[in-house]
Amino acid sequence: MALAILSTIRQIRQKSATKAGSLAGRLILSAAVWLAIGMGAGAYVLSHAFSSAVADNFDTALQVDLDGLIAAAEPAANGAVALDERYLNRRFARVYSGIYWQIVPDDKGGAVQISRSLFDRTLAVADARRIDNQTWGYADGPDDQKLRVLARHMSFSQGRRTVSYTFMVAGNLSRVETEIRDFNGTLARSFAVLGIGLILAILIQVKVGLMPLKRVGEGLAHIRNGTARRLEGTFPAEIAPLAAELNSLIEHSAEVVGRARTHVSNLAHFFKTPLSVLASEADAAPGPLAD
């Protein structure tokens, strides 16, 4: 998106550079730059908000799966945990499905139980971070999957003794990354089209907005060529004072020229009689005056 908008800005800048001091070029370029900055910031905010929402939904789904796993658990006589399959996500039963569970007993001699989806793998949590009574972290899963892990420590009463386990559920983060990547791609394409469309709209708006100034220039050209004596037509409120001042200046200049012509005419009339007398004297008698 940013590349498309910047490319359009670059083309506008190149066109504007051919017209030094172009008001239209400055307006379009400044609007395009601020548009790119604003849309870039908006795209970042939307992308971040969507990413956070997807991640929160993913963590909520893990929370639901962990609650179901704990609800389905019942300590067995042999120290293991018996599970009621009715409370479990069906994807736990499919190998490498992208969602997994693991139960680790506090008793070091007890066996680690895993879901069928893990098959022959176990979860080793890294970057663990404890929030309230739960632990969040990450782990490497089957098929090079990057997993988000949620763990909770639970204790059960079994006769006169208490047995404790750590329940874990993990989900494949590739789904989250794919959703975010798809959203960012759609967002970039949408903003690129929107940005280019807005730049074109700004271009048209500036061109239309500056048309009265173009009419003023054309009117002055007609006055210079002698095809008009004043600026004619109706101008917008912002341009009308300029047109009025120009017409006043033209009228004042016409008055000055008129007075100058009258003065020259008077001088010519004033010199006409003396020159006639001198010409008659020169014709009447030869001499220095005639020469």
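Below you will find a few notes about this structure. A quick note: this is a predicted structure, and the numbers were derived from the prediction, not measured.

### Quick word on the sheet that holds strand β3 (residues 99–105)
Argument step 1. One open sheet holds the six strands; their spatial order is β4-β3-β8-β7-β6-β5, and the pairing between them is antiparallel. Sheet topology places β4 (113–114) and β5 (126–131) at the edges, where each strand pairs with a single neighbour.
Argument step 2. Of the pairings in the sheet, the one linking β3 to β4 comprises two bridges and is antiparallel in character. Bridging from a neighbouring strand, I103 pairs with Q113 of β4.
Argument step 3. Along the sheet, helix α2 (residues 23–72) contacts β3, β6 (134–140), β7 (146–158) and β8 (161–172); its crossing angle with β8, the most-contacted strand, is approximately 145 degrees.

### A word on a nonpolar patch on the surface
Argument step 1. On the surface, a cluster of nonpolar side chains totalling about 520 Å² of accessible area is made up of L267, F270, F271, L275 and L278.
Argument step 2. Its place among the elements puts L267 in helix α5 (residues 240–284).
Argument step 3. Classification of L267 by relative accessible area gives partly exposed; the value is 36%.

### Focus on the pairing of β7
Argument step 1. Pairing of β6 with β7 involves seven bridges; the strand directions are antiparallel. The partner of T135 across the bridge, within β7, is A151.
Argument step 2. Between the antiparallel neighbours β6 and β7 lie five residues, among them D143 with a positive phi of about 55 degrees.
Argument step 3. Bridge count between β7 and β8: 12 bridges; the pairing is antiparallel.

### Side note on the environment of A126
Argument step 1. Take A126: it is sitting in strand β5.
Argument step 2. Look at A126 and you get partly exposed, because its relative accessible area is 38%.
Argument step 3. Between the C-alpha atom of A126 and that of Y138, which follows or precedes it by 12 residues, the distance is 5.3 Å.
Argument step 4. The residues touching A126, leaving out its near neighbours within four places in the chain, are G137 and Y138.

About the cut-offs
Residues numbered from 1 in each chain as written. Predicted model: local features only at pLDDT ≥ 70, side-chain atom pairs only at ≥ 80, totals over all residues. Heavy atoms only, no water. Pairing = 2+ DSSP bridges. Helix = DSSP H or I, 4+ residues; strand = E, 2+ residues; numbered from the N terminus. Contact = heavy atoms within 4.5 Å. Axes fitted to C-alpha atoms, helices over the stretch in contact; angles between N-to-C directions. Patch = residues over 30% accessible without salt bridge, like charges linked within 9 Å, V, L, I, M, F, W, Y side chains within 5 Å. Areas by Shrake-Rupley, 256 points an atom, 1.4 Å probe, with all protein chains shown as cover. Salt bridge = Lys/Arg side-chain N within 4 Å of Asp/Glu carboxyl O. Buried < 20%, exposed > 50% of the residue type's maximum accessible area, 1.4 Å probe, protein only.

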